[in-house]
There are 6 protein chains.
Amino acid sequence: MDKFNQPIDAAAVPRFAGSTTFMRLPLAPSAAGLDIALVGIPWDGGTTNRAGARHGPREVRSQSTLMRRVHHVSGLEPFSIAQIADVGDVSVNPIDLHDALKRIENGLSEIIAHGSIPLCVGGDHLTTLPVLRAVACRNAVGMIHFDAHSDTNDTYFGNNPFTHGTPFRRAVEEGLLDPKRVVQIGIRGSIYDPGEHDWAREQGMRIVYMEEVVRRGVEDVMAEARQIAGNGPTYVSFDIDCIDPCMAPGTGTPEIGGFTTREAQQMVRLLDGVTIVGADVVEVAPPFDIGGITALAGATILFELTCLAAKQVSKSRTATVPGSAGAPR
Amino acid sequence: MDKFNQPIDAAAVPRFAGSTTFMRLPLAPSAAGLDIALVGIPWDGGTTNRAGARHGPREVRSQSTLMRRVHHVSGLEPFSIAQIADVGDVSVNPIDLHDALKRIENGLSEIIAHGSIPLCVGGDHLTTLPVLRAVACRNAVGMIHFDAHSDTNDTYFGNNPFTHGTPFRRAVEEGLLDPKRVVQIGIRGSIYDPGEHDWAREQGMRIVYMEEVVRRGVEDVMAEARQIAGNGPTYVSFDIDCIDPCMAPGTGTPEIGGFTTREAQQMVRLLDGVTIVGADVVEVAPPFDIGGITALAGATILFELTCLAAKQVSKSRTATVPGSAGAPR
Amino acid sequence: MDKFNQPIDAAAVPRFAGSTTFMRLPLAPSAAGLDIALVGIPWDGGTTNRAGARHGPREVRSQSTLMRRVHHVSGLEPFSIAQIADVGDVSVNPIDLHDALKRIENGLSEIIAHGSIPLCVGGDHLTTLPVLRAVACRNAVGMIHFDAHSDTNDTYFGNNPFTHGTPFRRAVEEGLLDPKRVVQIGIRGSIYDPGEHDWAREQGMRIVYMEEVVRRGVEDVMAEARQIAGNGPTYVSFDIDCIDPCMAPGTGTPEIGGFTTREAQQMVRLLDGVTIVGADVVEVAPPFDIGGITALAGATILFELTCLAAKQVSKSRTATVPGSAGAPR
Amino acid sequence: MDKFNQPIDAAAVPRFAGSTTFMRLPLAPSAAGLDIALVGIPWDGGTTNRAGARHGPREVRSQSTLMRRVHHVSGLEPFSIAQIADVGDVSVNPIDLHDALKRIENGLSEIIAHGSIPLCVGGDHLTTLPVLRAVACRNAVGMIHFDAHSDTNDTYFGNNPFTHGTPFRRAVEEGLLDPKRVVQIGIRGSIYDPGEHDWAREQGMRIVYMEEVVRRGVEDVMAEARQIAGNGPTYVSFDIDCIDPCMAPGTGTPEIGGFTTREAQQMVRLLDGVTIVGADVVEVAPPFDIGGITALAGATILFELTCLAAKQVSKSRTATVPGSAGAPR
Amino acid sequence: MDKFNQPIDAAAVPRFAGSTTFMRLPLAPSAAGLDIALVGIPWDGGTTNRAGARHGPREVRSQSTLMRRVHHVSGLEPFSIAQIADVGDVSVNPIDLHDALKRIENGLSEIIAHGSIPLCVGGDHLTTLPVLRAVACRNAVGMIHFDAHSDTNDTYFGNNPFTHGTPFRRAVEEGLLDPKRVVQIGIRGSIYDPGEHDWAREQGMRIVYMEEVVRRGVEDVMAEARQIAGNGPTYVSFDIDCIDPCMAPGTGTPEIGGFTTREAQQMVRLLDGVTIVGADVVEVAPPFDIGGITALAGATILFELTCLAAKQVSKSRTATVPGSAGAPR
Amino acid sequence: MDKFNQPIDAAAVPRFAGSTTFMRLPLAPSAAGLDIALVGIPWDGGTTNRAGARHGPREVRSQSTLMRRVHHVSGLEPFSIAQIADVGDVSVNPIDLHDALKRIENGLSEIIAHGSIPLCVGGDHLTTLPVLRAVACRNAVGMIHFDAHSDTNDTYFGNNPFTHGTPFRRAVEEGLLDPKRVVQIGIRGSIYDPGEHDWAREQGMRIVYMEEVVRRGVEDVMAEARQIAGNGPTYVSFDIDCIDPCMAPGTGTPEIGGFTTREAQQMVRLLDGVTIVGADVVEVAPPFDIGGITALAGATILFELTCLAAKQVSKSRTATVPGSAGAPR
């Protein structure tokens, strides 16, 4: 088992001690040799209302020290079947939006070049755009997107096309997302314009309002989501504001009536089988958090995503490299 | 569309900028010409335990800047079909209970005299009594009442008949409420006296305990509620403590085991069709709030009520003034 | 009715006034003459991560001033059918773990010697071990245990057998618990080792994961729990972290995806009929709490447990002392 | 030494354990036999802006558990030279101002009747009026008053003569205070009206602005204060808002530029020699406090006042009862 | 007196009621006719570390409702001698730095065009640059600058010349500031580079470290500051982080060892006689504030500046328009 | 310059990004080659009241990211004249006091063995005892000790000799401290027993009460302190509770009337010339902190101590290794 990186053992070093990398894993200088790269994107320059997600990676790291080694439901031990590490934060620029988008794309491209699956912690939702530019540099990908907001607006404040309310309109326009393989789950709350969601639907994106999830149940909706994503490469984007503000108050644009964390965990587990080429947890804004509970929710979702990705890595290794049974690259 | 007041556009002026009226609407000097008057009642002199609801209107206004123009489920655009404004706070007196009750009644009477529907933000629940004195000045009204507490106690601290635990007993005694058309939903928590709820039932009021809502479901209970209210003029009173304290901690008398905001939104939406002559959101007590989430819940419920009232106004205008299709008065 | 201790009447003395004993009951010098003894155990020396539960009894007392006299669902009036008091805190030692365990056991033994049922407020979960040493001093007892964690680990930090992660392994080893009559409900979250829960199951303990509760529903699970406990003497241990961190953030080891307080209340009410020989509410850690909501949840669960115990006392008095109908001992 | 009440020993029972009376002293059923009665006045019905001082006594009690037995500067051991206890809270009425003032006066009159010196913890500053009615029931007293505000306004909100901004105007009018023996120290901040302080000065009261204290130094100002009070019976009123809001944020009407706690302690110690017939610490409003620091400041000032009063009691006992050296009554 | 705008009277409308303009003054549609324009600049796009100052204007407005009409030391009544109003927030753009700087400059230019003195509430310190572009559009001005940081760095994050750490280097380069008439007071804390302050000194700017203020005293330093500013037009820039973080925690770059608010008030009062052509209070970042104390400090400094500006306006009116004694323009 | 470890440059990587070691220095696997080792001691098992200092190192690291490279008063650049790194946390045991003391001593002994000067961040004050066992393993050292408490009590809770109230009594008894070379500065607050400080004085320790510091001034007291320490090896222990609770609320045993951070910085700077063999900042308890200000104060004091130690290292290197001018070992 120890051929892979192991987290610091909390029965030896208490959780409040030691350094605060993602899940107490080693801090790697690059993604070289990693199956899965946990990476922070501390930038919120696309935020139109309350900034603060720039502090997200630090707090999610801190709360992720509560994660342990084994998933209690699936029995999966991600750190025993895949090589995983914290690769630190990508370079950002809090003052210059265009430079920041470029730096983030470069940082992710380097991870992708190593063949690692990036699991990102934002940062506001605009950070997903440069991540997609790196992940979908060759072909458009599908996306399963958990959020209170569709984030497919066009422009803000005169003609600004790049904000955390517009990434997925840009991503479709840039050919990064295949809109027919995109599903947005949990959308809710008042909107600016009656046509706001129409554009998305016209592209072929599927919007599942929270009310529909409540009516149909999580399992049914996730079955549809898996079908929409199909077998192709798929990105998973988890905006923490899909969760109810009482469970995730530390975010910039809270909307009441959200998911419980129980539902969120169940939804993420039901992604099993989807071909994940990258994922993120975004919009954790610690200055508005209370007692770290939003960052804890973010860290736990990151653990769930890590389990999924590790299983996929392990499976694919067994399948494709028959002679080398699970050896790390 | 622009014949009616429009909220400040957040894609032009960010939500953290500009003044903080209810839903970013204009501040009107009076209710003259308004279909719907949003009004604050910053008074908590009837509070028997933790005061603070006096600060409710200010914080609900602040959080209401997060509301947008269109209801995502119904597609309703309240500000396009009714003339709505913030008319400021009624005059109050934090030191003299009887003077305060008179001032509040006078403030509301003026709104009523303009033919506007008042949507009030308290203040503690005793503020509903003078509001009812204004709203039901001619005839008793029905009431759909969301709350953890029945608020039909008799007296406190020797013989005080006026506290936030007694308004509805007084309202029935004063002939403001028709008890047979009153339903209280979500009542829960330990009570002072076994006979506490009996008085209400003896008058003909219907108490639906939280446990009954959980058993029957929100839709079924709301169908009964609509039947109880019938077609007559009905007041809607929403005590924020009907919501669970984790989602609405900023209140004076929290009781665990409450509604989720998701259920609360659904219940309010199911009021569609009830003849609303006034409504309130009360007991938001910011000094006990956390990160503004209680005020955000209050603001969103206010938005839901505004949509209902706007639809009703629009319908009634079409119905009764055939030649003047939707023109503002 | 007044032959039993009554809480201070909030309609005479406001809740923010007067002293802060459990539920505003008298502070008794000992358990002599009491049917039920409410007792604090302000100790958290077994905590492996975030300490703070030492402050639990004080804050639960403070929030318990919100409790009233009558249970709104069952109509039960616990203070009218049983002699109940706050007996203060047992002696503790924050510096010496072994001395503390001895002091707690002694304190509880004294309560047991008076024939009172102890309802304890911790303190971390290791405090349950000395309580069980007192309660089960003659025979092993069954246990219905609500928690996010099984607390059946073996050792920590080199060979420390006594932490808040190990009490039930020790209790089984010491013959205090009959593992076949133990059920753990709500267990969830990542675990250290795949075999962590196997030991418990091998002893015959039943672990019901949160996911199973969600699938089967609370009523079905509690029916099984009552069957497991059977008619024998049973201890009820309620770790506040079984509740979701958004509703109970004030705890040392939060796990998302927990029970709602509504479910928690329902589960505790469904203990009706179990022979309770003692109970506790543990792991309320006020330094991590927000607005007192965790302590309020703890206080309300304590009220629910008090109702159960009072009913049991009253029943057993009627049954066993036919001539003295309900008189206090 | 043990002939007097002793606080619980923190080297035996940790500070977080046990009940939370003032300074861990016994809770006495009445003031009978006490030299000094520590009493809570949980009422803030006179507050014109932010209420919350009703919660003051409870939090000051909680923080006062940090007090120890010996004053480190004077070496005084108050609990060894005077009989002191917590007599609980006086009866109040949060709903009816006039009834509340009467109840508070009655509560204090009973303490006075026992010959005890009352040291009160408010409550808002209007509570000082009924206290003075009891303390000065026979003759006007002098007053040394620490505050940011003169509290000598006339009326509010139409003609309300009784608010926390008016007590000392009323007290002078009622003949309770001898204005020539009144000094107000630390007054600062913007005022309503240029004539606001003139009335006070016209009565003969001395107002020492904060700026004058800074210029002259605390010792010089306190020498003048002692001279103004002279040898006659003097009341000491300590409004916590005299301290800077960063050190005492938990108050209703904060004014920046206040005293440090170091200066406050020094000023109170320099009251040595004044004939104290009663004192209070008021306007501690916990809902606006942060981490209990305001209540801690209040508790420590209460300890300083207790030392002064105990010394005075001890001296007077030696002086007037030569044969019974220090025996408790 | 009432020829000028008056704040809402708190003895009629309590401070928690009514709208939250600066100091409860009317909200004016433009600066036309105003002697002094209070204006918000809700923008923090130049922040290199913790953002949040975009929320500054809203919270300073809220806390400014605690200001009253008369300065207790000078006796000055600003609202009786000058026409003052809140002109709302200037237009900003949270997404585009260059557009934002242009919008802010335009907003201020309009105020300047009306001949009003702008008193600004930021916003981060980069907002002072476009304000200076408007205020010093014809001639360079002097500046008295209270801050923990010199803010004369050159570039950040590759070559970004515009951040809240660089405004005064840019302002000197652009000829907006006359460096010989600039004094920076309270500078402290570790710095990036030994030459960081040398550039400023080489231009002729005077840096007074906090340690020098402590050694010489506030009066002496302010005498020097007045001499440096001389009789020419002078801008006053007050960065809230000049105050100690315990008194002003709500800021992005706290440095311990700062001014007390008492010293800050004294320093601002000692600006009397300086020719103020504009002023600001910047870097109040509410998401990091505690109980509103930073915003309260900001609001009170704004009141002090308003008194100074009103006195200057009144004096100049008397001097220059002999026949029209004090009439508003 | 780059022959020594440099902190991450905040003008390239923003302060909210990257990992959170002490002052953004590299994390070294051991103290080998270091002049100065920054080390965390996350343990608070000696705490008698409010625990939480176990979380101190993590939060001080986080706040220390605000430190820059150059001391603005002395111009000293510590990272250019000494080899400094974060060596992580020593091993601890939160459950077993004796084992923890041994582990801490071992961890420090290893640092000492490398010839590095340890600058420790606690942890509660009992951690200083095992540090002294390592530092003074050969000869007793002197100590300059900043604190509100003397920490020379004897035993607690029955006969516990090891608590955070007793370390210096033990250290004298064990011959680790030369009491004649020990000075305690800032001691204040009520005490348990009149003889509590007598023991310390009898050993020859010098206690300087806060009141004496206020009277004599910081410079005079520190001159005496330097004289007491003399030229011998001296340990510096900085208990954060020497600072006033408003500036350092995050601590277990707050006492009002403390030092300002300005005074604290000045005192530490006046240690220049003392031969520092080790130092610590202890009792930072984040669960009781507000907005990180206590941890920020702790981090800044650590920076001041680092500057002192670096200067001493640099001086001694020049002095003792004439041929190798400043080369790192």
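Computed from a predicted model, the values in this text were never measured in an experiment. (Residues numbered from 1 in each chain as written. Chains lettered and ligands numbered in written order. Predicted model: local features only at pLDDT ≥ 70, side-chain atom pairs only at ≥ 80, totals over all residues. Heavy atoms only, no water.)

Chemist: Where do I start with the overall build of chain A in this structure?
Modeler: Of regular secondary structure, chain A possesses ten helices and eight strands. What you see for chain A is a C-alpha radius of gyration of 18 Å, in line with the 20 Å of a compact globule of 329 residues. Dimensions along the principal axes, computed over C-alpha positions, put chain A at roughly 55 × 40 × 40 Å. A burial count over chain A gives 71% of its 329 residues as buried. (Helix = DSSP H or I, 4+ residues; strand = E, 2+ residues; numbered from the N terminus. Rg over C-alpha atoms; globule rule 2.2 N^0.38 Å. Buried < 20%, exposed > 50% of the residue type's maximum accessible area, 1.4 Å probe, protein only.)

Chemist: Would you take a moment to explain the interface of chain A and chain E for this structure?
Modeler: Interface extent is often summarised as the accessible area lost during association of the parts. At the interface, 23 residues of chain A touch 23 residues of chain E. With both chains or domains summed, chain A and chain E bury close to 1600 Å², and 56% of this area falls on carbon and sulfur atoms. Contact with chain E buries area across many residues of chain A, yet Arg54, Ile95 and Phe157 of chain A alone supply 36% of it, more than any other trio. Applying the counting rule to chain A against chain E returns six residue pairs in polar contact (both at pLDDT 80 or more). (Contact = heavy atoms within 4.5 Å. Buried area = accessible area lost by both parts, 1.4 Å probe. Polar contact = N/O pair within 3.5 Å; in protein donor to acceptor, adjacent residues only side chain to side chain.)

Chemist: Any chance you could explain the interface of chain C and chain B here in plain terms?
Modeler: With 28 residues of chain C in contact, the opposing surface of chain B contributes 32 residues. A buried area of about 2500 Å², summed over both sides, lies between chain C and chain B, and 60% of it is on carbon and sulfur atoms. Three residues stand out in chain C for area buried against chain B, namely Arg68, His72 and Arg262 of chain C, and they jointly supply 33% of the buried area on that side. Connecting chain C to chain B are three salt bridges. Between Arg269 of chain C and Glu211 of chain B there is a salt bridge whose closest N-O contact spans 2.8 Å. Sorting the residues of the side of chain C that touches chain B by element identifies α9 (261-269) and α10 (293-320) of chain C as the ones contributing at least two each. Sort the elements by how many residues they give to the side of chain C that touches chain B and α10 of chain C lands first, with five residues. In the side of chain C that touches chain B, the residues fall into 17 nonpolar, five polar and six charged. (Salt bridge = Lys/Arg side-chain N within 4 Å of Asp/Glu carboxyl O. Nonpolar A, V, L, I, M, F, W, Y, C, P; charged D, E, K, R; others polar.)

Chemist: I'm lost on the UniProt feature "binding site: Mn(2+)" (unreviewed entry) in chain A in this one. Help?
Modeler: Residue and element names in this part refer to chain A. The residues that UniProt annotates with the feature "binding site: Mn(2+)" (unreviewed entry) are His125, Asp147, His149, Asp151, Asp239 and Asp241. Spanning 117 residues, the annotated positions come together in the fold, the maximum distance between their C-alpha atoms being 12.1 Å. Mapped onto the elements of the fold, His125 is located in the loop between β3 (117-122) and α4 (128-135). Owing to a relative accessible area of 0%, His125 belongs among the buried residues under this scheme. Setting aside residues up to four positions removed in sequence, His125 forms contacts with His145, Asp147, Asp151, His164, Pro167, Phe168, Ser237, Asp239, Val282 and Glu283. For Asp151, the location among the structural elements is in the loop between β4 (141-146) and α5 (167-173). Leave out the neighbours within four places in its chain, and Asp151 touches His125, His164, Gly165, Thr166, Pro167, Phe168, Arg169 and Asp239. Side-chain polar atoms of Asp151 contact the side chain of His125, separated by 3.1 Å. (UniProt positions renumbered as here; feature names shortened; annotations may be inferred.)

Chemist: Please explain the sheet that holds strand β4 (residues 141-146) of chain F as it appears in this structure.
Modeler: The strands making up a sheet associate through backbone hydrogen bonding, with each pair oriented either parallel or antiparallel. All names here are of chain F. Within the open sheet, the eight strands sit side by side as β2-β1-β3-β8-β7-β4-β5-β6. Their pairing is parallel. In this open sheet, the two edge strands, each paired with only one partner strand, are β2 (84-89) and β6 (206-209). The sheet shows a mean angle of 15° between the axes of neighbouring strands, direction not considered. Here helix α1 (residues 56-64) sits on the sheet and contacts β1 (36-41), β2 and β3 (117-122); the angle it forms with β3, its principal contact strand, is near 105°. Packing against the sheet, helix α4 (residues 128-135) makes contact with β1, β3, β4, β5 (177-187), β7 (233-239) and β8 (275-282), and its axis sits at approximately 165° to β7. (Pairing = 2+ DSSP bridges. Axes fitted to C-alpha atoms, helices over the stretch in contact; angles between N-to-C directions.)

Chemist: Would you mind showing me how to read the arrangement of the chains here?
Modeler: Between chain C and chain E there is no contact, and the shortest C-alpha to C-alpha separation is 14 Å. Of all C-alpha pairs spanning chain B and chain F, none lies closer than 14 Å, and the two are not in contact.

Chemist: Looking at this structure, I do not really get the packing of helix α3 (residues 97-113) of chain A against α4 of chain A. What am I missing?
Modeler: Between two packed helices, both the angle of their axes relative to each other and the distance between the axes serve to describe the pair. Residues and elements named next belong to chain A. It is the contact of α3 with α4, at a shortest axis distance of 8 Å, that shows an interaxial angle of 40°. It follows from the interaxial angle that α3 and α4 lie oblique. As for how α3 packs across α4, the hand of that crossing is right-handed. Residues Leu101, Ile104, Glu105, Leu108, Ser109 and Ile112 of α3 pack against Pro130, Val131, Arg133, Ala134 and Val135 of α4. (Parallel < 35°, antiparallel > 145°, perpendicular 65-115°, else oblique. Left-handed = near helix turned anticlockwise from the far one by under 90°.)

Chemist: Teacher, can you tell me more about the sheet that holds strand β2 (residues 84-89) of chain A here?
Modeler: All names here are of chain A. Strand order in the open sheet made by the eight strands is β2-β1-β3-β8-β7-β4-β5-β6, with parallel pairing throughout. Strands with a single pairing partner mark the edges of an open sheet, and in this sheet they are β2 and β6 (206-209). Averaged over all adjacent pairs, the angle separating strand axes in this sheet is 15°, with direction ignored. Alignment of strand β1 (residues 36-41) against β3, held across six bridges, turns out to be parallel. If you follow Val39 over to β3, its bridge partner there is Cys120.

Chemist: Hey, could you run me through the packing of aromatic side chains in this one?
Modeler: The geometry of an aromatic ring pair is captured by the separation of the ring centres together with the interplanar angle, meaning the angle of the planes. Taken as a whole, this structure holds 18 aromatic pairs over all chains when the rule is applied. Counting every residue linked through ring pairs, the aromatic cluster contains Tyr156, Phe157 and Tyr192 of chain A. Above the face of the Phe288 of chain B ring, Arg50 of chain B is positioned so that its terminal group lies 4.1 Å from the ring centre. (Phe/Tyr/Trp six-rings, centres within 6.5 Å; stacked < 30°, edge-to-face > 60°. Lys NZ or Arg CZ within 6 Å of the ring centre and 35° of its normal.)

Chemist: I tried to follow the relation of the copies chain C and chain B on my own but got confused; where do I start?
Modeler: Between the two copies of this chain, the relationship is a rotation about some axis together with a displacement along it. When chain C is fitted onto chain B, the two copies agree to an RMSD of 0.0 Å after a turn of 120° and an axial shift of 0.0 Å. Viewed as a symmetry operation, the transformation between the two copies matches a three-fold axis. Every residue of chain C has its C-alpha some distance from the rotation axis, and the shortest such distance is that of Cys246 of chain C, at 3.6 Å. Little of the interface of chain C is mirrored in chain B, where only 7% of its interface residues are also at the interface. (Least-squares fit on C-alpha atoms with pLDDT ≥ 70 in both.)

Chemist: I would appreciate a short explanation of the relation of the copies chain A and chain E in the present structure.
Modeler: Of the transformation placing chain A onto chain E, the axial shift is 0.0 Å and the rotation is 180°, giving an RMSD of 0.0 Å. Both copies of the chain, as the preceding transformation shows, are related through a two-fold rotation axis. The C-alpha atom lying nearest the rotation axis in chain A is that of Pro287 of chain A; the distance is 2.9 Å. A high fraction, 100%, of the interface residues of chain A reappear at the interface in chain E, so the copies pair face to face through one surface.

Chemist: Explanation requested: helix α8 (residues 218-229) of chain B in the structure shown.
Modeler: Two residues of an α-helix separated by three or four positions point the same way, owing to the 3.6 residues in each turn. All names here are of chain B. In a regular helix each residue adds 1.5 Å, so twelve residues correspond to 16 Å; α8 covers 16 Å between its end C-alpha atoms and thus fits that length. Every buried residue of α8 is listed here: Val218, Val221, Met222, Glu224, Ala225, Ile228 and Ala229. Considered in projection along α8, the buried side chains sweep an arc of 155° and stay on one side of the axis. Residues Glu219 and Gln227 are exposed on α8 and point more than 90 degrees away from its buried face. (Expected span 1.5 Å × (residues − 1). Arc of directions from axis to C-beta.)

Chemist: Where do I start with the environment of Arg103 of chain A in this structure?
Modeler: Mapped onto the elements of the fold, Arg103 of chain A is located in helix α3. Between the C-alpha atom of Arg103 of chain A and that of Arg133 of chain A, which follows or precedes it by 30 residues, the distance is 12 Å. In this structure, Arg103 of chain A is in contact with Ser91, Val92 and Asn93 of chain A, Phe157 and Gly158 of chain E together with Ala12 of chain F, ignoring residues within four places of it in sequence. Here the side chain of Arg103 of chain A touches Ser91 of chain A through a polar contact of 2.9 Å, side chain to side chain.

Chemist: Help me understand the pattern of salt bridges in this model?
Modeler: A side chain with one charge may pair with a side chain of the opposite charge, provided their charged atoms come close. Under the criterion given, the structure shown has 132 salt bridges over all chains. Note that Arg216 of chain B and Asp220 of chain B form a salt bridge whose closest N and O atoms lie 3.0 Å from each other. Its relative accessible area of 27% is what places Arg216 of chain B among the partly exposed residues. One continuous salt-bridge network, built from bridges that share partners, spans Arg206, Glu212, Arg216, Asp220 and Glu224 of chain A.

Chemist: Help me understand helix α8 (residues 218-229) of chain C in this model?
Modeler: For α8 of chain C, the elements touching its buried residues are β4 (141-146), β5 (177-187), β6 (206-209), α7 (210-216), β7 (233-239) and α9 of chain C. Gly230 of chain C sits one or two residues past α8 of chain C and shows a positive phi near 65°.

Chemist: Whenever I open this one, the packing of α8 of chain B against helix α9 (residues 261-269) of chain B confuses me. Can you help?
Modeler: Residues and elements named next belong to chain B. At a minimum axis separation of 10 Å, α8 and α9 run at an interaxial angle of 35°. At the point where α8 passes α9, the crossing takes the right-handed sense. Between α8 and α9, the residues in contact are Val218, Glu219 and Met222 and Glu263, Gln266 and Met267, respectively. By residue class, the composition of the contact of α8 with α9 is three nonpolar, one polar and two charged.

Chemist: What am I meant to see in unusual backbone geometry here?
Modeler: For residues other than glycine, phi is negative in most cases, and the peptide bonds are mostly trans. With omega at 10°, the peptide bond leading from Gly122 of chain D into Gly123 of chain D counts as cis. Here Gly123 of chain D lies in the loop between β3 (117-122) and α4 (128-135). A positive phi angle, near 60°, is found at Arg24 of chain D, a position not held by glycine. In this structure, Arg24 of chain D sits in the segment before β1 (36-41). Not every positive phi belongs to a glycine, and Asp151 of chain F is a case in point at roughly 55°. With a relative accessible area of 7%, Asp151 of chain F lands in the buried category.

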